[in-house]
Amino acid sequence: MKAGIVGLPNVGKSTLFNCLSNAKAQSANFPFCTIEPNIGVVNVPDSRIEKLEELVKPERVQMATVDIVDIAGLVKGASKGEGLGNQFLGNIRECNAIIHVLRCFDNDNIVHVDGNVNPIRDKETIDIELQLKDLENVEKRLEKVKRAAKTGNKEAIVEEALLNRIRETLLQAKSARTITPQNNDEEVLMEGFQLITAKPVLYVCNVDENSAVNGNKYVDQVRELVKDEDAEVIVLSVGAEADITELESYEERQVFLEDMGLSEPGASVLIRAAYKLLKQQTYFTAGVKEVRAWTINIGATAPQAAGVIHTDFEKGFIRAEVIAYEDFVQYGSEAKCKEAGKFKVEGKEYIVKDGDVMHFRFNV
């Protein structure tokens, strides 16, 4: 599962990507310095794994990760191939969610492709390009489906009706994610269309250091604009985050954050939000060899969770032994949880909860 960072050139995408992944994408002050998408595998900050490490004292610890992709800056006309349009749209189509970076700071030394700072216009520029590309794909699809619908094919009739609804929405300059599928068939179709504007989105307002805690007038404008979109808005000073990553020690970083009035780096907040946006959650395995966070889709069953470790675990699944994270921390060990009656044995139907500490029994 990948989340792609998008935005106009020079809004701070590559600097943000560098902060998240510590992989130095070339962040130069001119458009299109990111041509090939940079992919970073980023640890998901989680205080629970630190607590488990403290209790279990394992030989090693492995955190959950999320893939973040830095995609080239988009410009007007991208849907028609302007700038790096076609490449950009291909890269974004391969991502499962969108992190949309908006410039919400004034700085005469960093050029803005449209001459002045206006996050509302910037958002609309990107939205329109993505909507136009989706519209082009929807119309191509409609041409094929109409022929099948005329012959009375029931599936084609359902698809045609949904495509027409999407087309009308896009023509009103609204994204496909504003459409709610009315039944399971529509849900499956919607997924199959792979529309860019149907992907879940998270907005990152890149502000100056003084606005990192409370935002500014630009952030207020963005919040007002997206209030009906069911999308999270995160305020981040990308420049300050870059400075934090340059500091050597944990103590230095904490002092810097305290001076800014923050309890943790904004990058940590963003990574967790991206993880949530991708509909991911974590379960843990905790033994003396290793304490590890495993990533699963929200709603995964116990056998599916076991399959993340190895496909044999899923094929030969017998049962899962489960302790809730809160119980593990309260009682301090598996043995104490058993004594307290907090050790559960679950079967194939069990839906894994975020933070479950699990052990699988299987037979191949």
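None of the values given here were measured: they were computed from a predicted structure. (Residues numbered from 1 in each chain as written. Predicted model: local features only at pLDDT ≥ 70, side-chain atom pairs only at ≥ 80, totals over all residues. Heavy atoms only, no water.)

## Describing the overall build of the protein chain
Part 1 of the argument: Assigned secondary structure in the protein chain consists of 14 helices and twelve strands.
Part 2 of the argument: A compact globule built from 364 residues should have a C-alpha radius of gyration of about 21 Å, and the protein chain, at 23 Å, falls within 12% of that.
Part 3 of the argument: Here the C-alpha coordinates of the protein chain stretch approximately 65 × 65 × 35 Å along the principal axes.
Part 4 of the argument: Buried residues in the protein chain amount to 48% of all 364 residues.
Part 5 of the argument: Surface accessibility of the protein chain: about 18,400 Å² in total, with carbon and sulfur atoms responsible for 47%.
Part 6 of the argument: Separation between the mean location of the 44 positive side-chain charges and that of the 58 negative ones in the protein chain comes to 6 Å. (Helix = DSSP H or I, 4+ residues; strand = E, 2+ residues; numbered from the N terminus. Rg over C-alpha atoms; globule rule 2.2 N^0.38 Å. Buried < 20%, exposed > 50% of the residue type's maximum accessible area, 1.4 Å probe, protein only. Areas by Shrake-Rupley, 256 points an atom, 1.4 Å probe, with all protein chains shown as cover. Lys, Arg positive; Asp, Glu negative; His and termini not counted. Charge placed at Lys NZ, Arg CZ, Asp CG, Glu CD.)

## Considerations on the UniProt feature "binding site: ATP" (unreviewed entry) in the protein chain
Part 1 of the argument: Per the UniProt annotation, the sites labelled "binding site: ATP" (unreviewed entry) are Asn-10, Val-11, Gly-12, Lys-13, Ser-14 and Thr-15.
Part 2 of the argument: Along the chain, Val-11 falls in the loop between strand E1 (2–6) and helix H1 (13–21).
Part 3 of the argument: Setting aside anything within four residues of it in sequence, one finds Val-11 in contact with Val-101, Arg-103, Phe-105 and Asn-206.
Part 4 of the argument: In this structure, Lys-13 sits in helix H1. (UniProt positions renumbered as here; feature names shortened; annotations may be inferred. Contact = heavy atoms within 4.5 Å.)

## A word on the nonpolar core
As a rule of thumb, soluble globular proteins bury nonpolar side chains together.
Part 1 of the argument: One finds Leu-16, Leu-20, Ile-68, Ile-99 and Leu-270 to be the most contacted residues of the largest nonpolar core, which totals 63 residues.
Part 2 of the argument: Counting residues per element, this core draws most heavily on helix H10 (residues 266–277), at seven residues.
Part 3 of the argument: Setting aside chain neighbours within four positions, we find Leu-16 in contact with Ile-5, Val-101, Val-204, Leu-236, Val-238 and Leu-270.
Part 4 of the argument: Ala-156, Leu-162, Ala-176 and Leu-195 belong to the second-largest nonpolar core, a separate cluster that totals 16 residues. (Core = buried A, V, L, I, M, F, W, Y, C linked by side-chain atoms within 4.5 Å.)

## Topic: the side chain of Arg-48
Part 1 of the argument: Examined against the element boundaries, Arg-48 turns out to sit in helix H2 (residues 47–56).
Part 2 of the argument: Within the structure, the side chain of Arg-48 is placed 3.0 Å from the side chain of Asp-354, a separation counted as a polar contact.
Part 3 of the argument: Dropping the residues within four chain positions of it, Arg-48 is found in contact with Thr-282, Phe-284, Tyr-325, Asp-354 and Gly-355. (Polar contact = N/O pair within 3.5 Å; in protein donor to acceptor, adjacent residues only side chain to side chain.)

## As for the pairing of E1
Part 1 of the argument: Buried residues dominate E1, accounting for four of its five residues.
Part 2 of the argument: The sheet contact formed by E1 and strand E4 (residues 65–70) spans four bridges and is parallel. Its bridge partner lying in E4, Gly-4 is registered against Val-69. (Pairing = 2+ DSSP bridges.)

## Points about a negative patch on the surface
Part 1 of the argument: Together, Glu-209, Asp-243, Glu-258 and Asp-259 make up a negatively charged patch on the protein surface.
Part 2 of the argument: Its place among the elements puts Glu-258 in helix H9 (residues 250–260).
Part 3 of the argument: Classification of Glu-258 by relative accessible area gives exposed; the value is 58%. (Patch = residues over 30% accessible without salt bridge, like charges linked within 9 Å, V, L, I, M, F, W, Y side chains within 5 Å. Salt bridge = Lys/Arg side-chain N within 4 Å of Asp/Glu carboxyl O.)

## Some details on helix H5 (residues 154–171)
Part 1 of the argument: The terminal C-alpha atoms of H5 lie 26 Å apart, and with 18 residues this matches the ideal 26 Å at 1.5 Å per residue to within 8%.
Part 2 of the argument: Three or more residues of H5 are buried, namely Ala-156, Glu-159, Glu-160, Leu-162, Leu-163, Ile-166, Thr-169 and Leu-170.
Part 3 of the argument: Along its buried surface, H5 packs onto helix H4 (119–150) and helix H6 (184–193).
Part 4 of the argument: Residue Asn-153 occupies the N-cap position of H5, its side-chain oxygen lying 3.0 Å from the main-chain nitrogen of Glu-155. (Expected span 1.5 Å × (residues − 1).)

## Quick notes on the side chain of His-100
Part 1 of the argument: Checked against the element boundaries, His-100 lands in strand E5 (residues 97–103).
Part 2 of the argument: Not counting the four nearest positions on each side in its chain, His-100 is found in contact with Val-6, Gly-7, Lys-123, Ile-126, Asp-127, Val-201, Leu-202, Tyr-203 and Val-204.

## Section: the packing of helix H8 (residues 238–246) against H9
Part 1 of the argument: Here H8 crosses H9 at 155°, and the two axes come no closer than 9 Å. Comparing the axis directions of H8 and H9 gives the class roughly antiparallel. You can see that H8 and H9 cross each other, and the crossing is right-handed. Residue-level contacts link Ala-240, Asp-243 and Ile-244 of H8 to Arg-253, Phe-256, Leu-257 and Met-260 of H9.
Part 2 of the argument: Tallied by class, residues from the contact of H8 with H9 come to five nonpolar, no polar and two charged. (Axes fitted to C-alpha atoms, helices over the stretch in contact; angles between N-to-C directions. Parallel < 35°, antiparallel > 145°, perpendicular 65-115°, else oblique. Left-handed = near helix turned anticlockwise from the far one by under 90°. Nonpolar A, V, L, I, M, F, W, Y, C, P; charged D, E, K, R; others polar.)

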